[in-house]
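Next come the chains, spelled out residue by residue.
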Amino acid sequence: MLFRRPKPEEEAPASASPKLSASPEEEACVDSLAEIVLAYGRHAFDLEEMPSEELHRRCEAWAQHLRIGTPAPLGSEMGGMRERGNEQPLRVQRRAHADLRLFISNHRRAEARYVEKHHAELRSTLLEVFGNLRDVVVQYEDGDRELSEELQNLSRVVNAEPLSEARPLVLHSIRQMVDKLRKRNLNSREQLLQMGQQLRALRNELLEVKAKSETDPLTGLANRAAIDETLRKYELLCSMSGERVSILLIDLDRFKNINDRYGHRIGDLCLKTVADTLVRSFPRRGDLVGRYGGEEFLVGLPGTSEAEGMVLADRFRNSIREKKIAHAGELFEVTCSVGVAEFGMDEHVASVIDRADRALYRAKAEGRDRSVVASSVGILAAAAGETSAS
């Protein structure tokens, strides 16, 4: 995009900079892009190619370039930004969109290489741990064949399966093996201490992998696996303590039409907007906010009744309706329909999800952009075994 040259009658001093000539929608798009670049820099992590502080600094420079036309931070320089005095940096006539795309793409590739490298290192660490354990086992004449075979099986699992899926089996087997090894009264205390150190390091690395495997990459919310695990905890909480827990099942209205009309990039932007609004609408530490699948989201609310859940659902819908999505000079709104259901005593997760889904179906049938409580339309916990009408 070109920067506007001043008219003859409004010629500014030589030190003044040209201003943008853009419509409000274009300025909003530029501001949004600048905010995305700033957010990318704020949430960076250290790479060998670039520390997080340097990326943060580069992203701030790119945001200034987009907004006010300072030189683009190309190469190792900061694109003409001055660090001494109060002098204004020189301005350029065009935004370096291609260079920005290249900068972000290269850095994302570096991040991918970083993750792949650490996954490989974690896999190598697992195999080393299993090898050390096998060495300890075979030192004894009464070596446990079952334990040795289990270690070999675990090595095969780690080589063949994704680490996130292998984690529960690995942790369970390690606990069993540690218990057996302790009972054998090992002669070498030094070996036991070294093994404990390796296991602690392994546990920390597995926890890091687990955290990454439980996050939806597009929205940053909890993914389906994390949702299912938390809902099982809610089920136990309700059955053991009687605490009230409600869930909201949320679906974007006419999302397919948005994708068909505006493209998947705008569709993804809508999903991110909904995700951000959900996080802001349900800020309690114990609340569950996740992407259930596609354009469907789920919110878990411990200590919340159906009636209270309905109030919160309506508040969220009003918030998301106020968000306007810009595309090609056009603004459009996104609306959501919500089904609300509360866990009944001894009710299973599948049952309460089914009731919330049927309430959501009713909200869609009644015109969309509304919330429906399951019990208010006769969808009760006692009837959870019935087949959903949707």
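Bear in mind the structure is a predicted one, so any value in this text is a computation, not a measurement.

Caption draft 1: How the structure looks around the overall build of the protein chain. Scanning the protein chain from terminus to terminus reveals 11 helices and nine strands. For the protein chain, with 390 residues in total, the buried portion stands at 40%. At a minimum sequence separation of 6, the contacts of the protein chain that also span at least 24 residues come to 67%. Surface accessibility of the protein chain: about 22400 Å² in total, with carbon and sulfur atoms responsible for 49%.

Caption draft 2: Highlighting the side chain of Asn259. Within the secondary structure layout, Asn259 lies in helix H8 (residues 255–262). Judged by relative accessible area, Asn259 falls into the buried class, the value being 14%. For Asn259, the residues in contact, after removing those within four places along its chain, are His264 and Gly267.

Caption draft 3: Expanded view of the sheet that holds strand S5 (residues 296–302). Overall, mixed pairing links the five strands, which are arranged S4-S5-S3-S8-S9 in an open sheet. Of all the strands in the sheet, the pair left with one neighbour each is strand S4 (288–293) and strand S9 (371–373). Within this sheet the neighbouring strands show an average axis-to-axis angle of 20°, counted without direction. Pairing analysis gives five bridges linking S4 to S5, with the strands arranged antiparallel.

Caption draft 4: Spotlight on unusual backbone geometry. Of note in the backbone geometry, Asp346 takes a positive phi value of approximately 65° without being a glycine. We classify Asp346 as exposed; its relative accessible area is 54%. Despite not being glycine, Asp369 shows a phi value in the positive range, around 50°. Mapped onto the elements of the fold, Asp369 is located in the loop between helix H11 (349–365) and S9.

Caption draft 5: Spotlight on the environment of Gln198. With respect to the helices, strands and loops of the structure, Gln198 is situated in helix H6 (residues 189–213). For Gln198, a relative accessible area of 22% gives the class partly exposed. For the pair Gln198 and Leu126, spaced 72 residues apart in sequence, the C-alpha to C-alpha distance is 9.3 Å. Residues contacting Gln198, with those up to four places away along its chain left out, are Glu128, Val129 and Asn132.

Caption draft 6: Representation of helix H9 (residues 264–281) in the model. Here H9 spans 25 Å end to end across 18 residues, near enough to the 26 Å set by a 1.5 Å rise per residue. If you check which residues of H9 are buried, you get Ile266, Gly267, Cys270, Leu271, Thr273, Val274, Ala275, Thr277 and Leu278.

Caption draft 7: Highlighting the nonpolar core. Counting 28 residues, the largest nonpolar core has Leu248, Ile250, Leu252, Cys270, Val274, Leu278 and Phe297 as the members making the most contacts within it. Elements supplying a minimum of two residues to this core: strand S3 (245–252), H8, H9, S5, helix H10 (306–322) and strand S8 (336–342). For this core, the leading source of residues is H9, giving six residues. Setting aside anything within four residues of it in sequence, one finds Ile250 in contact with Leu278, Glu295, Glu296, Phe297, Val299, Phe316, Cys336, Ser337 and Val338. If you look at the next biggest cluster of nonpolar residues, it comprises 24 residues, including Ala226, Leu288, Ile353 and Ala356.

Caption draft 8: Looking closely at H10. Its 17 residues place the ends of H10 25 Å apart at the C-alpha level, agreeing with the 24 Å of an ideal helix rising 1.5 Å per residue. Check the buried side of H10 and you find it contacts S3, H9, S5, S8, H11 and S9.

Caption draft 9: Local environment of the packing of aromatic side chains. Counted by the stated rule, this structure contains four aromatic pairs. An angle of 45° between the planes, with centres 5.2 Å apart, marks the rings of Phe45 and Tyr114 as tilted. Remark: Tyr114 occurs in helix H3 (residues 97–138) and Phe45 occurs in the loop between helix H1 (24–42) and helix H2 (52–68); sequence separation between them is 69 residues. Using a relative accessible area of 32% as the deciding quantity, one classes Phe45 as partly exposed. We classify Tyr114 as partly exposed; its relative accessible area is 26%. Note on Trp62 and Phe103: the rings are 6.1 Å apart at their centroids and 35° apart in plane angle, and the pair reads as tilted. Here Trp62 is found in helix H2, whereas its partner Phe103 is found in helix H3, with 41 residues between them in sequence. Grouping residues by exposure puts Trp62 and Phe103 together as buried. The ring of Tyr292 has Arg224 sitting right over it, with the charged end atom 3.9 Å from the ring centre.

Caption draft 10: Here's a closer look at the pattern of salt bridges. Enumeration over the complete set of coordinates arrives at 24 salt bridges. Its salt-bridge partner being Glu229, residue Lys233 comes within 4.0 Å of it at the nearest N-O pair. Taken together, the residues span about one helical turn, with Lys233 and Glu229 both in helix H7 (residues 224–241) at a distance of four residues. The class for Lys233 is exposed, based on a relative accessible area of 52%.

Thresholds, definitions, all that
Residues numbered from 1 in each chain as written. Predicted model: local features only at pLDDT ≥ 70, side-chain atom pairs only at ≥ 80, totals over all residues. Heavy atoms only, no water. Helix = DSSP H or I, 4+ residues; strand = E, 2+ residues; numbered from the N terminus. Buried < 20%, exposed > 50% of the residue type's maximum accessible area, 1.4 Å probe, protein only. Contact = heavy atoms within 4.5 Å. Areas by Shrake-Rupley, 256 points an atom, 1.4 Å probe, with all protein chains shown as cover. Pairing = 2+ DSSP bridges. Axes fitted to C-alpha atoms, helices over the stretch in contact; angles between N-to-C directions. Expected span 1.5 Å × (residues − 1). Core = buried A, V, L, I, M, F, W, Y, C linked by side-chain atoms within 4.5 Å. Phe/Tyr/Trp six-rings, centres within 6.5 Å; stacked < 30°, edge-to-face > 60°. Lys NZ or Arg CZ within 6 Å of the ring centre and 35° of its normal. Salt bridge = Lys/Arg side-chain N within 4 Å of Asp/Glu carboxyl O.

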